[in-house]
Amino acid sequence: MPAPRVCVLRAPGTNCDAETAHAFELAGARVERLHLFRLLEEPRRLLPYQILCLPGGFSYGDDLGAGVIFSEHLRGQLHDVLQQFRQADTLLLGICNGFQVLLKAGLFEGDSSSDSADRRRTMTLTWNRSARYIDCWVRLDVAADHCVFLKDMDALEAPVAHAEGRLAVRDDAVLKDLLSRRAVALRYAAAPNGTDPSAAAPDDSGVLPPPVNPNGSVGNVAGLTDASGRVLGLMPHPERSLFATQHPQWTRRQLTGEGDGMKLFRNAVRYFG
Amino acid sequence: MLWDVEIRPAPSEPDVEAARVLEEARRMGVDGLKEIRSSRAFLIQGKIDRTAIAESASGLLCDDVVEDMSITALPAADDSADDRLIHILFHPGVTDSVADNAAAALRRTGLDVEAVATCRRYRIDGALSEGDRRRLITRVLANDAIEHAVQGPLDLTDLSVGSDYDFHLKTVAIRDMDDAALERLSSQGQLYLSLAEMQTIQNHFRRIDRDPTDIELETIAQTWSEHCSHKTLAGRIHYREEQDGRIVRDLHFSNMLKETIFAATERIRERLGDDDWCVSVFRDNAGVVKFDDRQSVCFKVETHNHPSAIEPYGGANTGLGGVIRDPMGTGLGARPVCSTDVFCFAPPDCPEDRLPPGVLHPRAVMQGVVAGVRDYGNRMGIPTVNGAVCFDDRYLGNPLVYCGNVAMIPADKTEGRMQPGDLIVTVGGRTGRDGIHGATFSSAELTQESESISGGAVQIGNPITEKMMLDVLLQARDRGLYSAITDCGAGGFSSAVGEMGEHTGAEVWLDRCPLKYPGLSYTEIWISEAQERMVVAVPPEHRDAFLHLCASEGVEATVIGQFTRTGELVLKYADHQVGRLPMEFLHDGRPPIVRDAVYHVAPEAPCPIPDRPQWDDELQAILGSLNVASKEWIIRQYDHEVQAGSVIKPLVGIHSDGPSDAAVVRPDLTSARGLVIACGINPHLGDLDPWWMAAAAIDEAVRNCVAVGADPDRIAILDNFCWGNTDRPETLGTLVRAALACHDISVALGTPFISGKDSLNNEFSWEDEHGRPHTVAIPPTLLISALGQVDRIEQCVTMDLKASGNRIYLIGRTFDELGGSHLALIHGLCGGSVPKMDPHAARTLFQELHAAIRSGTVRACHDLSEGGLAVAAAEMAFSGGLGARLSLSGLSEELSDPVLLFSESNTRFLAEVPEPQADAFERHFQSSPIRHIGHVTGDDRLVIENAQGRPLIDSTLASLRNAWQRPFADM
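All figures in this text were calculated on a predicted structure; none of them were measured in a lab.

## Overview of the interface of chain B and chain A
In step 1: Opposite the 64 residues of chain B that make contact, chain A presents 55 residues.
In step 2: Summed over both sides, the interface of chain B with chain A buries roughly 4700 Å², with 51% coming from carbon and sulfur.
In step 3: There are six salt bridges connecting chain B and chain A.
In step 4: Of the charged contacts in the structure, one is a salt bridge between Glu13 of chain B and Arg166 of chain A, with a shortest N-O distance of 2.6 Å.
In step 5: Summed over the shared surface of chain B and chain A, the result is 29 residue pairs in polar contact (both at pLDDT 80 or more).
In step 6: Elements represented by at least two residues in the side of chain B that touches chain A include exactly α3 (97–108), α12 (362–380), α15 (463–478), β24 (646–648) and α27 (868–880) of chain B.

This is the structure:
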């Protein structure tokens, strides 16, 4: 099987496209960085690709909320082609801003909500509890063994860098629904050899404190998938965890070689192997 | 119709903005404010009905999961209960990208939207006095440099901005003016030129027998401004050094910078011969050095002090945005890979009632500046990886904001070659009234009225516009679609086109420039400093390809003129010629002025340090001093990892919270080569001797690089002088002395300066309530920024202790140099010996240490700076979560305990070395003094004993770490 073709889709204000493309290339894929405007001119350009990746950044400045304007394009002009793309045996990855875009485009909503008269979203990614941007490394536990991107992975370390990464839900039933349909792919977790266990005690609703859960996400959710396992949206940046030297502790732990995040890209490419 | 779509946090969500306002109000002592609720609103004008608005706004303007929305028609019904309402709106014409994006998105949903504006809204509860209400509005809710408040119901009916412009040519009858009239014209017209300069202009126009137009005068003022031409430092200076009433040094410079700092680089390059690794220095918008065979690297650091004093967020925002355009406008354009920021503020705990009129509280300045840098850098996707923050009372009215950018450029694209006939094309943002007179304003002194005079000088950036522009320009560069490029910085088109066409000539068609709104005069278009604009020279045959490429990614590009070979700058508006100036007069016509500079060598004053049996309190006080304390609250707000090149982060150690000496970034993910970014700054030394301040800043910048593994023979440095009013010979004297030191130290270290910038007149003047005038000048402040390189990133080291049992070495010699030290500072002591430096010994030491690091014998390395040995040891210990036991025994017979602990002598490091590698490590130091002073221990204490074995320091790591983290814990 030839190397899969990856479309790294960039919009005005996308800024992680180069390193994300590099990650897929290292994993053995053929990557193109396509501008959103080309796709809006000719939506069918999406169809030859096997993997669509929405990388991080500030699409349209996040001026109406993180990912909102980009997601309007996915829900509008690109709705049909995206459906068609997903019906094939393809993969879809949204990182940070890309996750915000996918979620606000409704890709992680359950089937029940799409049938109801109320078409409003049941969940969102909104301002961190601290109300401020944060760049720090987090540890993630893999919660969905059917997600293609996370195959054979239990945990990974990668940085987050966002202001609007807190998953918030309309009511408790939404989180229950996410859990029951195994949509939760990644959770923020304290290190097993936690340096300060008292600092990582959850609050009454089970939300771990920062910096373990850096944004206060409900259910400590860091990433979502769907029933097929062929879509993944996550706030942390696996493309900033490709090499040992990106890890904040590499000089202490004398790490060498690849970083945790590289596995995620290798899994995606291997799926087509 | 004009609709008001108001969006509030849902009941389940915190009202973050309200909490901020309450806290700030409490801090300011605004009593009586019981409760406050905040919301934001979109004001939408167009032929639209309520249902359509509601449908479109849900999910687009309002995040229904966490926000509630209500829609009302404007003007609002007059409701007397509404006097609790306060609306904050931008002044007309201020950049509002949220409104622009909302308008575009709403139009895509099918709404017939004419205009959109945004607004913040507060409902306040409580009995506020009129004075408190005003203070709350002007200090907490709004910044009147860019915003205004409307109280009560919003009676807006229309959002239109600007009205059509009726052309009429203005001339200024300068030929008949006497000197007083010339001076009046200079100050009232915000030209800020000297009388001699005004007379030179007058003579020019007398000679050609006509009066100048307004645009001609403005063009000359912009070009001759301190900001654009650096006429003081690049001018003639007569410098004298006096000691005990005798002149000990007497120098005449015809171009001071050229004969000191540039000359040092020339000498180093000559010495290097074929191995010269400088590519382009002091010529282009940024300095350029070699990186590898294929790529070079650019570095530039700028200041944006005056705009940041007035509007900290916008000033810092556009400060970073502006310096990013410098490398973008270097050669044929570089790709930014990381940024730096260094700030100088007054202490944030300054009492509210000690603020002079017209001065923002330093806490607000600090928060605004940090947010401004954060929002620009993060949105551009350029990691902010290095910085520093210094505090001193004298920065109260005049904070300093330094922003730097490092960028990569292909080795064959470091030179632009514009040809006459090439088209002048403006790319990026549109032109508006923002930033008019920025160049001349920044060259003047701040006063309490600056806020109103300079309303136009304040700008808000739009990083997405700049990012989009960067994306297309790099593609255009690689396709060879343009022949030269420069940024539109201070002076706008006037400076950009004037500089590019200096040796050829240019004709500009001002009516073709795309405008943000109608009504700008030809002069406003020409000198506007609207952000996010670049000017490129496009050969006519590439015109269509270039414009098409820009359009394909939504970037506006417009042909506004053509380079000529007439040697003249010709400005046209439609069919009218509005300006015609010889390039030669513009660039070389400025009258030479000889400035006097004098430096008085002062005798050393004593620094009576009290004696103590133990020094733990002093150590903790220094760790908790504002300059030293952890800046984690700033660093974590910056994306320092985007682009995936991060190797050594600004925070390191077992908890990722220790202070790294420098950042290491891999600019090319296919190469193992790294860039090292660091800085040196110590304004407290300048009060003692600017010579040694300069030496210390260079030493600190270089040793920070060397500490993480940089090759000392491949470090380039930048100078940024921020000084007071150099019309005073004494002030200029301290600057010249610092520049002379820069020359000597640079040459001896073999560390070339590659670029620099100065900002003069950093003073703040006001009148107190009795009408008495006051002026505060900043301390002379020299920032040295360093750009180092490492062959292989795997060789880098961090400063946190790694393993118990390892040896700790002190490298370098300690002297009795507590002058300007933090030990003196926390005791409020002046005087003492300023730290000196032997650059020849330093060079050898840096090379020997580098060889030791390269050989892999060093597990941790930290430079000794503020707080000396004790602070460096404490930082290494708590960052590594490992204790250490050190002894001062055998270091010196003469030096006292506090000197050994806290002296800030230059060129010193601590290194952690595993026992088995100790011999190999020591062998690298053939010339430089090193001493094995102790070990890493397994416990949680830092113990430092004196020569007699008595503990001088015995503190837990937790107490040291807490002392260091406490000062900004609530930020």
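## Re the sheet that holds strand β34 (residues 807–811) of chain B
All names here are of chain B.
In step 1: Taken in spatial order, the seven strands line up as β35-β37-β34-β38-β36-β39-β40 in an open sheet, and their pairing is mixed. Edge positions in the open sheet fall to β35 (860–863) and β40 (951–956), since each of these has one partner strand only. Here the average twist between neighbouring strands, direction ignored, is 15°.
In step 2: Note that strand β36 (residues 883–887) and strand β38 (residues 930–937) share four bridges and pair antiparallel. Bridge pairing in β38 places Ala884 opposite Val936.
In step 3: With respect to the sheet, helix α20 (residues 616–623) is in contact with β39 (941–945) and β40, its orientation differing from that of β40 by roughly 55°.
In step 4: Packed on one face of the sheet, helix α30 (residues 957–965) meets β36, β39 and β40 and runs near 80° to β40.

## Quick look at the sheet that holds strand β11 (residues 295–303) of chain B
All names here are of chain B.
In step 1: If you trace the six strands from one edge of the open sheet to the other, you get β9-β10-β11-β14-β12-β13, paired in mixed fashion. Each edge of the sheet is formed by a strand with only one pairing partner; in this case those strands are β9 (278–280) and β13 (384–391). Adjacent strand axes in the sheet meet at a mean angle of 20°, parallel and antiparallel pairs treated alike.
In step 2: Taken together, the four bridges between strand β10 (residues 287–290) and β11 define a ladder with antiparallel strand orientation. Counted as the bridge partner of Lys290 is Ser296 from β11.
In step 3: Against the sheet, α12 engages β12 (335–345), β13 and β14 (400–410), with an angle of about 180° to β12.

Definitions and limits used
Residues numbered from 1 in each chain as written. Chains lettered and ligands numbered in written order. Predicted model: local features only at pLDDT ≥ 70, side-chain atom pairs only at ≥ 80, totals over all residues. Heavy atoms only, no water. Contact = heavy atoms within 4.5 Å. Buried area = accessible area lost by both parts, 1.4 Å probe. Salt bridge = Lys/Arg side-chain N within 4 Å of Asp/Glu carboxyl O. Polar contact = N/O pair within 3.5 Å; in protein donor to acceptor, adjacent residues only side chain to side chain. Helix = DSSP H or I, 4+ residues; strand = E, 2+ residues; numbered from the N terminus. Pairing = 2+ DSSP bridges. Axes fitted to C-alpha atoms, helices over the stretch in contact; angles between N-to-C directions.

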